[in-house]
Amino acid sequence: MKYLANVTTIAVDDERCTGCGACMEVCPHAVIEVRERKAVIVDRDGCMECGACVNNCAFGALSVDKGVGCAAAIINSMVYGGEPSCDCSGDKKGSCC
Amino acid sequence: MATLPETVDGKGAEQKAPPGPGGLRPAGLTLLQPVVAGVCSPNQEEKPAAWITGSTDTEAGAVPGISTVLARADFLGHVRCRTSAYRNTYTVRPGVYAVGDPDRSSDVLVSANYKLSFDHLRRELGGLNLWILVIDTRGINVWCAAGKGTFGSDELIRRIALTRLEKIVDHRRLIVPQLAAPGVNGNRVRKATGFSVLFGPVYARDLPAYLRAGRVATPGMRTVRFPLIDRLILTPMEINPSLKKYPWFALLTLVIFGLQPSGIIFRDAWNGGLPFLLLGLVSVFSGALLTPVLLPFIPFRPFALKGWIAGIAATVLCTQTVPMLDPQGTILRLVAYLLFPMASSYIALQFTGSTTFTGMSGVRKELRIAIPVYVLSGVVSLLLLLIYKLGEWRLL
């Protein structure tokens, strides 16, 4: 299953990438492969922008507009402001997921 | 910290606690205390949870041992989590737990303190000797908590210190679920604590094979899937929120159909409104059940479109085969075909929050197109209903 084509914001900075493969290890959708000591995005539409790769890149070589892919969260953020988050159960201690 | 520990039912540990099996001490709060220092209230009288089977002495204090077999109460808890807000309070006390008979060289698995996650982990660990470090994710599962940062480097670093993990094991490595990677930065944790983070497999069921292979994950263990059973299990919590709003829709429908120049006529409300009331339910089920279940088989990628297709199919099928569901007259049929597939589309769009593959940029793009369409459809539907009512009152 794939989500919308050509919308994800993931990008690799080849200058900074050392090809260590940390991003490839943490990606849950096999979006990245290391080829010739560089991270390469092999399945752009597979990226769900979870931010696992960016968070674990020691060289700051990856970037993505990280966030929840949740309509309710995004609608809430449009109505009430702030970043979309999983606090959609009403009570702020709770969670939708 | 005087806050009560977060445990199942929010009542502290469960009440029906059997003593530990032969020779083992029951693991009460006093035994838990050293490993969860800073979390528990020292004077709180508590009994251990039913899944705690004994305790293991360590340099950092006694660590509760846990069962790897789920009991009926656990399964009942899981059903309640999948169907209600019960999941918001279904938690495990953060701290260290022992599986089997671990020693100073045994691996440490890190988990969330949502009991459903914790149960999915422990049931896979039969026959193994391990430590589990449960961190405080506010009762949220691994992936969602990682996305929010509550299953994150800060909490992991803090929990390692609080539990004095370095006194329990000689090695310096942690096996963290791969789906915690959006929140856990391995480099930061290693610099702050000396413990290296190894990202384990996505699914707990792959842990035994991962450990046998010398802590090596195959590419298959690194990939998340979304099979039918996973989609189906999420649908009750898609249906519930829509059904909670349904009474408002029902009230509005009855008022519109019952409204006459002489007041609200109940017979008209019921007779005229019945097809709409039933089609409303059809749209809930097509958006919240049919679309998630048939997700890979419905054409096009946008969820709004998938939901609309499921909705129009369900609406046409119902109105054409069940006379009771067929609204009388062209205008009402038009409204039904406009409104209910849109409702199904909107409800299906909410499922983006539960999937394993939708991203924020995609959902934003969908919403930019879908919201104006929903608003326009709603306005046109209301105008058509107004025309219908004026005709009914012979004002047109």
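In case you missed it, the structure is sitting above this.
Notes on the structure follow. (Residues numbered from 1 in each chain as written. Chains lettered and ligands numbered in written order. Predicted model: local features only at pLDDT ≥ 70, side-chain atom pairs only at ≥ 80, totals over all residues. Heavy atoms only, no water.)

Looking only at helices and strands, one finds 13 helices and 9 strands in chain B. Sequence separation of 24 or more characterises 70% of the internal contacts of chain B that already satisfy a separation of 6 or more. Element-wise, carbon and sulfur atoms account for 65% of the exposed surface of chain B, whose accessible area totals about 17,900 Å². (Helix = DSSP H or I, 4+ residues; strand = E, 2+ residues; numbered from the N terminus. Contact = heavy atoms within 4.5 Å. Areas by Shrake-Rupley, 256 points an atom, 1.4 Å probe, with all protein chains shown as cover.)

Of the residues lining the interface, 40 residues belong to chain A; the matching set on chain B comes to 47 residues. Here chain A meets chain B over a buried area of about 3,900 Å², counting both sides, of which 59% is carbon and sulfur. For Asp45(A), the salt bridge identified is with Arg301(B), shortest N-O distance 3.5 Å. Run the count over chain A and chain B and you get 21 residue pairs in polar contact (both at pLDDT 80 or more). The set of elements that each furnish at least two residues to the side of chain A that touches chain B consists of α1 (22-26), α2 (52-55) and α3 (71-80) of chain A. Sort the elements by how many residues they give to the side of chain A that touches chain B and α3(A) lands first, with 5 residues. (Buried area = accessible area lost by both parts, 1.4 Å probe. Salt bridge = Lys/Arg side-chain N within 4 Å of Asp/Glu carboxyl O. Polar contact = N/O pair within 3.5 Å; in protein donor to acceptor, adjacent residues only side chain to side chain.)

The subject of this paragraph is empty space enclosed by the protein. Residue and element names in this part refer to chain A. Throughout the structure, instances matching the rule amount to 5 cavities of 30 Å³ or more. By volume, the largest cavity amounts to about 90 Å³. In terms of lining residues, the largest cavity is bounded by 15 residues, among which Cys27, Cys47, Met48, Cys50 and Cys53 are the most central. Taken together, the residues of the lining of the largest cavity sort by class into 11 nonpolar, 3 polar and 1 charged. (1 Å grid on protein atoms, 1.4 Å probe; cavity = no way out; pocket = protein on both sides within 12 Å on 5 of 7 lines; lining within 4 Å. Points joined across faces, edges and corners; volume = space filled by probe spheres on them. Nonpolar A, V, L, I, M, F, W, Y, C, P; charged D, E, K, R; others polar.)

In this description, an aromatic ring pair is defined by two values, namely the gap between the centres and the angle between the planes. Residue and element names in this part refer to chain B. A complete count under the given rule lists 14 aromatic pairs over all chains for this structure. Their ring planes at 40° and their centres at 5.2 Å tell us that Tyr86 and Tyr90 sit as a pair that is tilted. Tyr90 matches Tyr86 in its accessibility class, with the two residues each being buried. Between the NZ or CZ atom of Arg80 and the centre of the ring of Tyr86, over which it lies, the distance is 3.8 Å. The ring of Tyr203 carries Arg205 above its face, with NZ or CZ at 4.3 Å from the centroid. (Phe/Tyr/Trp six-rings, centres within 6.5 Å; stacked < 30°, edge-to-face > 60°. Buried < 20%, exposed > 50% of the residue type's maximum accessible area, 1.4 Å probe, protein only. Lys NZ or Arg CZ within 6 Å of the ring centre and 35° of its normal.)

The next subject is helix α10 (residues 266-293) of chain B. Side chains that are three or four residues apart share a direction in an α-helix, a result of its 3.6 residues per turn. End to end, α10(B) covers 38 Å across 28 residues, agreeing with the expected 40 Å (1.5 Å per residue, within 8%). Largest kink in α10(B): about 50°, centred on Gly273(B), with the proline Pro275(B) one to four residues after it. (Expected span 1.5 Å × (residues − 1). Bend = angle between axes of the 7 residues up to and from the residue.)

All names here are of chain A. In this structure, strand β2 (residues 32-35) lies alongside strand β3 (residues 38-41), joined through 4 bridges in antiparallel fashion. Pairing of Glu33 across the sheet is with Val40, part of β3. Linking two consecutive strands that pair antiparallel, namely β2 and β3, is a turn of 2 residues; a positive phi of about 50° is found at Glu36 within it. (Pairing = 2+ DSSP bridges.)

Turning our eyes to something else, we now look at a nonpolar patch on the surface. All names here are of chain B. Taken together, Trp248, Leu251, Val255, Leu259, Ile264 and Phe266 make up a surface patch of nonpolar side chains, about 660 Å² in accessible area. Examining the composition of the nonpolar patch, we find that 3 residues originate from one element, helix α9 (residues 236-258), more than from any other. Checked against the element boundaries, Ile264 lands in strand β9 (residues 263-264). Take Ile264: its relative accessible area is 41%, and that puts it in the partly exposed class. (Patch = residues over 30% accessible without salt bridge, like charges linked within 9 Å, V, L, I, M, F, W, Y side chains within 5 Å.)

Residues and elements named next belong to chain B. Leu133, Phe151, Leu156, Leu165, Leu174, Val176 and Val184 are the most contacted members of the largest nonpolar core, which totals 40 residues. Within the residue set of this core, elements represented by two or more residues are β3 (95-99), β4 (108-111), β5 (130-134), α4 (142-148), α5 (153-163), β6 (173-176) and β7 (196-199). For this core, the element with the most residues is α4, which contributes 5 residues. Leu133 has contacts with Gly95, Val96, Val108, Leu109, Val110, Ser111, Leu156, Arg159, Ile160, Thr163 and Leu165, leaving out every residue within four places of it along the chain. Ile66, Val134, Ile175 and Ala217 belong to the second-largest nonpolar core, a separate cluster that totals 20 residues. (Core = buried A, V, L, I, M, F, W, Y, C linked by side-chain atoms within 4.5 Å.)

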